[in-house]
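# Inside the fold
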Amino acid sequence: MTSSPVQDEIREEIAKLADFVETAQRLIHQSTLVDITPLHARLEQVCQKIKQAPRPQARDVLGDLENLFKSIERLEKYLDLQHDALSEHFYSTQTQANPLFAQEVRDDEQED
């Protein structure tokens, strides 16, 4: 079965979003902070195109959309893990004394 230009356009947009998600996951694995702000708006645009497409054509891209949603769910897990790691790092550094500051205090005490 041949796909329509609408289906091709939707599939292309879904593929771009899947690439975005994959890149974000890779960057998180490399301990890089990732801004996924554009993901929401682009996903909303794709969903609107699907909603406006004729029902048979929209139905044909549902598998691609479901795979994208699964990728986004994995990305969410990676972001949660990154958030937890950053929170733990910031929490642990707040509760530990800075050795440089401790040295400055000792120097001040020795001057008195």
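The notes below deal with the structure included here. This one's a predicted model, so the numbers in the text were calculated from it and none came from an experiment.

## Some words on the overall build of the chain
Broken down by element type, the chain carries five helices and zero strands. Taken from N to C terminus, the helices and strands of the chain fall in the order α-α-α-α-α. The proportion of buried residues among the 112 residues of the chain is 21%. Excluding contacts between residues fewer than 6 apart, the proportion of contacts in the chain whose partners are at least 24 apart in sequence is 78%. Of the roughly 8600 Å² of accessible surface on the chain, a fraction of 53% belongs to carbon and sulfur atoms.

## Some points on helix 2 (residues 37-52)
If you check helix 2, its first and last C-alpha atoms are 24 Å apart, about what 16 residues at 1.5 Å a residue would give, namely 22 Å. Taken as a whole, helix 2 has its buried residues at L39, L43, V46 and I50. Burial along helix 2 is one-sided: seen end-on, the buried residues are contained in an arc of 60°. The exposed set on the far side of helix 2, more than 90 degrees from its buried face, consists of T37, H40, K51 and Q52.

## Considering the side chain of Q25
Summarising the element assignment, Q25 is placed in helix 1 (residues 5-29). You can call Q25 buried: its relative accessible area is 12%. Beyond its immediate sequence surroundings of up to four residues, Q25 is in contact with S71, R74, L75 and Y78.

## Considering a nonpolar patch on the surface
Residues L33, L86 and F90 make up a contiguous nonpolar surface patch of roughly 310 Å² in combined accessible area. When you line up the elements, F90 lands in helix 4 (residues 62-95).

## What about unusual backbone geometry?
Residue S31 is not a glycine yet carries a positive backbone phi of 60°. Within the secondary structure, S31 sits in the loop between helix 1 and helix 2. For S31, a relative accessible area of 67% puts it in the exposed group.

How each quantity is defined
- The numbers attached to residues start from 1 for each chain and follow its sequence in the written order.
- Reporting in this predicted model follows two pLDDT cut-offs: at least 70 for local features of residues, and 80 or more for side-chain atom pairs to be given and counted; totals over whole chains, interfaces and linings ignore these cut-offs and use all residues.
- The side-chain values count all of the structure's non-hydrogen atoms but skip hydrogen atoms and water molecules.
- Runs of H or I in DSSP of at least four residues are treated as helices and runs of E of at least two as strands, each being numbered from the N terminus.
- Under the scheme applied here, a residue whose accessible area is under 20% of the maximum for its type counts as buried, over 50% as exposed, and between as partly exposed, the area being computed with a 1.4 Å probe on protein chains only.
- The contact criterion used throughout is that any non-hydrogen atoms of two residues lie within 4.5 Å.
- Surface accessibility follows the Shrake-Rupley procedure with a 1.4 Å probe radius. Residue values consider only the protein chains on display as shielding.
- One fewer than the residue count of a helix, multiplied by 1.5 Å, yields its expected span.
- This arc is built from the directions going out from the helix axis to the C-beta atoms.
- Two joining distances apply to patches: 9 Å for like charges and 5 Å for nonpolar side chains (Val, Leu, Ile, Met, Phe, Trp, Tyr), and every residue must have over 30% relative accessible area and no salt bridge.
- By convention in these notes, a salt bridge is any Lys or Arg side-chain nitrogen within 4 Å of a carboxyl oxygen on Asp or Glu.

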